[in-house]
Amino acid sequence: MDSRKIVLLVGALFVAALTAFFARSLVMGSAAPQANAAVAAPVVDGPEVLVATRALPVGTILDPTALKYQPWPKELVDGAYFLKQQTDMKSLLGTVVRNAITAGQPVTQGALVKPGDRGFLAAALGPGMRAVTVPVSAQTSVAGFVFPGDRIDLLLTQTVAGGGDGPPLKASETVMRNLRVLATDQRTSDDKDEKGNTVVHTFSTVTVEATPKIAEQIAVAQTLGSLSLSLRSIADNSSELEQAIASGDVKVPADGDIKAEKAMMVQLASQPQSGSSSYATGADVSRFQRRTVPGKSADTGMMTAGGAPAPAAFPGGATAPVGPVVRIARGNNVTVQPVGGKN
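What you are looking at is a predicted structure, and each value in this text was computed from that prediction instead of being measured.

### Digging into the overall build of the protein
If you tally the helices and strands in the protein, you get 5 helices and 14 strands. Buried residues in the protein amount to 29% of all 343 residues. The long-range fraction of contacts in the protein, counting pairs at least 24 apart against all pairs at least 6 apart in sequence, stands at 63%.

Here it is, written out as structure tokens:
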């Protein structure tokens, strides 16, 4: 091969390699500033305003985890915003959200209702809910350790009179579950001492949130016996979720949507419940108490389950037998069968 062609070929390869090297350096050098620009966070020139850390629906009672301060562009700051240098966040705890606030949105003064303001209790109620006041005593109110925002169960204790000898039936049952406390003795927020600790007060009434049907049931329960409060744990919803799914009260999303499942959990956690009550009678506590109400007849000292005298039936319409007898109860009917002696 001609030496001239060899020199030209080597020169062409050298130029191609040099071009590829410069092109690679140019591409890498231009990509680096783009990556740095993406990582750098923009600097917000403006004051810190109060924003919601999560979605706050209507009726939410604010706690320390619901709010935070965040820098906001000064040209977008509205006069209704809560500015850090002018606002004490502690004064807003216990207020109720009047208008829904999305996560990250600034909280406005018109979106909150403070305790004692007109319409506070109505704003605290969820859609379709009612406020019901229940009288309680110091012994039945968890010694005052129930505060607005807590969730409770309602227990009914009553004495059921029956026939026959012995004491009446003592019974207690859980008639309502998962009721949200709105106020205690007209107080809608916790009282603090000089050190910031919560002050425990005993109270004689508690106002709870309930559906219209449960509100009617609570009104009837107050006439049957005494009502007691049972403070619920925040971990109880997981066990009740399985029961709600099995009974069909809630529907599990079929497509596995995480947002839909979270909405289902929120619905269950905020839904008051009644029916399927658990109960305990005097015999569950003491062997000397009754488990049921005995029936009684006019001649034998027995009564029916409804409390009315039950007639005793004798074979052949005979008069009351003389001697030992056996009483045979079939439902509400009591039959007396003689086993010896003379009629």
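### Topic: unusual backbone geometry
Positive phi is not limited to glycine here, since Asn-178 has a value of about 60 degrees. By secondary structure assignment, the location of Asn-178 is in strand E7 (residues 169-184).

### Here's the deal with the environment of Trp-72
Examined against the element boundaries, Trp-72 turns out to sit in the loop between strand E2 (67-71) and strand E3 (96-97). The class for Trp-72 is buried, based on a relative accessible area of 18%.

### Details of the pattern of salt bridges
Counted according to the given criterion, the structure contains 5 salt bridges. The shortest N-O distance in the salt bridge between Lys-84 and Glu-48 comes to 3.6 Å. Of this pair, Lys-84 sits in the loop between E2 and E3 while Glu-48 sits in strand E1 (residues 48-52), and the two are 36 residues apart along the sequence. One salt bridge connects Asp-284 with Arg-291, and the closest N-O pair in it is separated by 2.8 Å.

### Some words on the confidence of the model for the protein
Any segment with low pLDDT has predicted coordinates that should not be analysed in fine detail. With 66% of its residues at a pLDDT of at least 70, the protein reaches an overall mean of 76. Averaged pLDDT values over the elements of the protein bottom out at 48 in strand E12 (residues 312-313) and peak at 93 in helix H3 (residues 212-224).

### Quick notes on a nonpolar patch on the surface
On the surface, a nonpolar cluster with roughly 540 Å² of combined accessible area is contributed by Phe-14, Val-15, Leu-18, Phe-21 and Phe-22. Tracing the chain through its elements places Leu-18 in helix H1 (residues 3-39).

### Quick look at the nonpolar core
If you look at the biggest cluster of nonpolar residues, it comprises 21 residues, and the most contacted ones within it are Leu-154, Leu-179, Val-206 and Ile-218. At the level of elements, strand E5 (130-135), strand E6 (151-160), E7, strand E8 (205-210), H3 and strand E9 (226-231) are the ones that each hand at least two residues to this core. When residues no more than four places from it in sequence are discounted, the contact partners of Leu-154 are Val-134, Glu-173, Thr-174, Val-175, Met-176, Leu-179, Ile-218, Leu-227, Ser-228 and Leu-229. By size, the runner-up hydrophobic cluster in this structure holds 13 residues, among which are Ala-52, Leu-62, Leu-67 and Phe-82.

### Let's talk about the pairing of E1
Summarising burial for E1: 4 of the 5 residues are buried, a large majority. Judged from the 5 bridges that link them, E1 and E2 form a sheet pairing that is antiparallel. Across the sheet, residue Val-51 finds its bridge partner in E2, namely Lys-68.

### Observations concerning the side chain of Thr-87
By the element assignment, Thr-87 lies in the loop between E2 and E3. Taking the relative accessible area as the measure of exposure, Thr-87 reaches 17% and is therefore buried. Within the structure, the side chain of Thr-87 is placed 2.8 Å from the backbone oxygen of Leu-83, a separation counted as a polar contact. Setting aside residues no more than four positions away along its own chain, Thr-87 makes contact with Tyr-69, Phe-82 and Leu-92.

### Examining the environment of Ile-218
Along the chain, Ile-218 turns up in helix H3. For Ile-218, a relative accessible area of 0% translates into the label buried. With 43 residues separating them in the primary sequence, Ile-218 and Val-175 have C-alpha atoms 8.6 Å apart. In contact with Ile-218, other than residues within four places in its own chain, are Val-132, Val-134, Leu-154, Met-176, Leu-179, Val-208 and Ala-210.

### Things to note about the side chain of Thr-281
Tracing the backbone shows Thr-281 in strand E11 (residues 279-281). The exposure class of Thr-281 is buried, given its relative accessible area of 8%. Non-local contacts of Thr-281, meaning those with residues more than four positions away in its chain, are made with Leu-169, Lys-170, Ala-171, Arg-290 and Arg-291.

### A closer look at H3
Between its first and last C-alpha atoms H3 spans 19 Å; for 13 residues at 1.5 Å apiece the expected length is 18 Å, and the two agree. Against the buried residues of H3 lie E5, E6, E7, E8, E9 and strand E10 (273-274).

Cut-off values and rules
Residues numbered from 1 in each chain as written. Predicted model: local features only at pLDDT ≥ 70, side-chain atom pairs only at ≥ 80, totals over all residues. Heavy atoms only, no water. Helix = DSSP H or I, 4+ residues; strand = E, 2+ residues; numbered from the N terminus. Buried < 20%, exposed > 50% of the residue type's maximum accessible area, 1.4 Å probe, protein only. Contact = heavy atoms within 4.5 Å. Salt bridge = Lys/Arg side-chain N within 4 Å of Asp/Glu carboxyl O. pLDDT = per-residue confidence, 0-100. Patch = residues over 30% accessible without salt bridge, like charges linked within 9 Å, V, L, I, M, F, W, Y side chains within 5 Å. Areas by Shrake-Rupley, 256 points an atom, 1.4 Å probe, with all protein chains shown as cover. Core = buried A, V, L, I, M, F, W, Y, C linked by side-chain atoms within 4.5 Å. Pairing = 2+ DSSP bridges. Polar contact = N/O pair within 3.5 Å; in protein donor to acceptor, adjacent residues only side chain to side chain. Expected span 1.5 Å × (residues − 1).

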